Structure formats: structure tokens, C-alpha cells
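Coordinates in review
Okay, here's what each chain looks like letter by letter:
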Amino acid sequence: MILALPAHAKINLSLSVLGVRPDGHHAVATLIQAISLHDLLLAAPAEATSLAGGFDDDLVLRAASRLEVAAGRPLPTAFRLLKRVPAGAGLGGGSSDAATALRALARLHHVEGVDLAAVAAGVGADVPFFLNGGAALATGRGESLRPAAPERTWYALAWPGFEVDTAAVYRRWDAVGGDGGNHLARAALEVEPRLRGFAQALGEGWRMTGSGSAFFRAAASRPEAERAIAGLRGWTAVASGVAAWGW
């Protein structure tokens, strides 16, 4: 049996940083929307776990390892990851890959009696959202989720081709703070000066997602979204909001 599952990206429609928690992590409140842009993860039972197409320290393997510990047994699986979502862009590609791996493992190996959401939270703050997708208001570190009505609109996406270090952005937020629709934007522009020029070239109506470095712009239709990226250099895409998915 081979499973082929999409690992959807996300955008942060709004993101507020509420302060630093006693554990040192930042408390946030963010409205997350899953979008049609996705990686593709193939998974099949195997003699040993392996991954083709990922990175040396890929979240897919980290998620698999944590689920094996929680299940108390090996879950040997051959994974193949077809990447379409740029890494380090604030689109949640790695977290989505990890959540999709958990879903695949649970189905392939009939894992029962394990709290997948708890396992997902141990892999990364964004991972629990991608177990179900759709739209949600995320609080805490981002792992406390309250489902929201999905926005079934279109989005133009643009990525400058370089990453912004999330930890560095949050450290800079401690010094400069933030406001507006994304409280991390000011800090990200200071951490990565090239991002400022990219944002200025995009023009009005574009917003940064997550801690960067990708930006998005809402559109009433696919043609409008395509017009928004026409003439832009570098990586661009058009995607629509998607509802929660079943397992």
C-alpha cells in the first residue's frame, strides 16, 4: 500500500505577538489559513524508515521517531517527499510535511490510542494545525487551536528566494516590538535588510506571512491573483484557501 498525501502550506492572515512566556517562548495569537499550494508526501511500509527528497534533519523523520516512541513500537516506512513549498518562507512547509507524515503513519500502521496532537506539538508549534488544516485561531506558542471559518478566496504569493531565521526574528522583536497585521514584520525587515527592498518592490496590498520571508496578497479571483504576480521576479504562485481535510 502506498499513500500519497498533499502537505498543504499556510498563510498567517493576522499575527500578534503577546509577549514572552515564563518558559521563554513567545505567546502569539494568529489566524492561520491552509492554502492549496502543497508538497506531496508518498509513504509505504518498509523494512526500515527512510526519506528521499527531504533534508538531513527533516521534520518528517523527527515526527516519525516521536510517533514510534509514543506508540511503543517501530513504524518502518519509506517516505518520498516532493517539495513545492519553499523552505524557510513562513509558509509552514516543513511543519506540514511533519503533520502529513504523522497522518500517513497512523493509517499505514494502524496506530491507535496515541494523541497525535500531543506528538505533533512536540515536533513543532505549527505542526498540530496541519493535522486538520482549514482555518484556525492559534494561541499559546501556536499549538492551542480553535477552528475558524475558512476563507475560500485566492492569494498571490511571492518569495524572494532566501530564508529568514525565525529565532532571530523573535529575538529582534524583543527589542523593536511590532504592530499592524503581522507583529513580526518590523523585526524581520531588520534581521534581513534584503527583505525591505523586496517588500517595497511588491507595492501596496502585500503582507508578510509568519516570520517571513514570503508575502501574500488576497484576490477576489484567480485572474486577479495572477495579475498581481505578473512581472514579478523570482518564485511566485497562486493558491486558494482550503477547508479542513479528513483523515
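Every residue gets a number counted from 1 within its own chain, in the order that chain's sequence is written. This being a predicted model, a pLDDT of at least 70 is required before a residue's local features are given, and a value of 80 or more before pairs of side-chain atoms are given or counted; all residues contribute to the totals for chains, interfaces and linings. Calculation of side-chain values draws on the structure's entire complement of heavy atoms; hydrogens and water are dropped beforehand.

Once that is clear, we can look at the overall build of the protein. Each helix is a run of DSSP H or I of at least 4 residues and each strand a run of E of at least 2, with the numbering of both proceeding from the N terminus. Broken down by element type, the protein carries eight helices and 10 strands. What you see for the protein is a C-alpha radius of gyration of 18 Å, in line with the 18 Å of a compact globule of 247 residues. For the protein, the spread of C-alpha atoms along the three principal axes comes to 50 × 45 × 35 Å. In what follows, residue pairs with any heavy atoms lying within 4.5 Å of each other are defined as contacts. In the protein, once contacts between residues fewer than 6 apart in sequence are set aside, the share between residues at least 24 apart is 72%. Here the Shrake-Rupley method, with its probe set to 1.4 Å, supplies the accessible areas, and only the displayed protein chains count as covering residues. As presented, the protein carries roughly 11,200 Å² of accessible surface, and 52% of it is formed by carbon and sulfur atoms. Asp and Glu count as negative and Lys and Arg as positive, but His and the ends of the chain are not part of the count. The atom standing in for a charge is NZ when the residue is Lys, CZ when it is Arg, CG when it is Asp and CD when it is Glu. Taking the 23 positively charged and 22 negatively charged side chains of the protein as two groups, their mean positions are separated by 5 Å. Computation of the radius of gyration draws on C-alpha atoms, with the globule rule given as 2.2 Å multiplied by the number of residues to the power 0.38.

Next up on the list: the sheet that holds strand 9 (residues 215-219). Strands are labelled as partners when DSSP assigns at least two bridges between them. With respect to topology, four strands assemble into an open sheet ordered 8-9-7-10, the strand pairing being antiparallel. The sheet terminates laterally at strand 8 (207-208) and strand 10 (235-240), the two strands that pair on one side only. Strands strand 7 (154-159), strand 8 and strand 9 of the sheet are contacted by helix 7 (residues 193-202), whose axis makes an angle of about 20° with strand 9. Axis lines are fitted to C-alpha atoms, over the contacting stretch for helices. Their N-to-C directions set the angle, which ranges from 0 to 180 degrees.

We now examine the side chain of Thr-153. Relative to the helices and strands, Thr-153 is located in the loop between strand 6 (144-148) and strand 7. Residues adjacent in sequence count toward polar contacts only when both atoms are side-chain atoms; beyond that, a polar contact is any pair of N or O atoms within 3.5 Å, and within protein one must be able to donate a hydrogen and the other to accept it. A polar side-chain atom of Thr-153 sits 2.7 Å from the main-chain carbonyl oxygen of Ala-219. Each residue touching Thr-153, except ones within four places of it in the same chain, is listed here: Ala-219, Ala-239, Ser-240 and Gly-241.

A separate point is the environment of Leu-40. Looking at where Leu-40 falls in the secondary structure, it is placed in strand 2 (residues 26-45). Placed 36 residues apart in sequence, Leu-40 and Pro-76 show a C-alpha to C-alpha distance of 19 Å. Those residues in contact with Leu-40 that sit more than four places away from it in its chain are Ala-4, Leu-5, Pro-6, Arg-80, Leu-81, Leu-82 and Arg-84.

On to the packing of aromatic side chains. The aromatic pairing rule takes the rings of Phe, Tyr and Trp, using the six-membered ring of Trp, and pairs them if the centres are within 6.5 Å, calling planes under 30 degrees apart stacked, those over 60 edge-to-face and the rest tilted. Going through the model one piece at a time under the given rule, you end up with four aromatic pairs. For the pair Phe-129 and Phe-130, a centre-to-centre distance of 5.1 Å together with 75° between the ring planes defines the contact as edge-to-face. Each member of the pair, Phe-129 as well as Phe-130, is classed as buried. Both rings, one in Trp-159 and one in Trp-235, keep their centres 6.5 Å apart while their planes meet at 85°; by these two values the pair is edge-to-face. Each residue is assigned to one of three classes by its accessible area relative to the maximum for its type, calculated with a 1.4 Å probe on protein chains only: buried under 20%, partly exposed between the two thresholds, exposed over 50%.

Here is the key point about a regular strand: its side chains alternate between the two faces of the sheet. Looking at chain direction, strand 2 and strand 5 (residues 135-140) are connected through six bridges and run antiparallel. From the neighbouring strand, Ile-32 faces strand 5, where its bridge partner is Ala-136. As judged from the five bridges shared by strand 5 and strand 6, these two strands associate in the antiparallel manner. Across the sheet, residue Ala-136 finds its bridge partner in strand 6, namely Pro-147.

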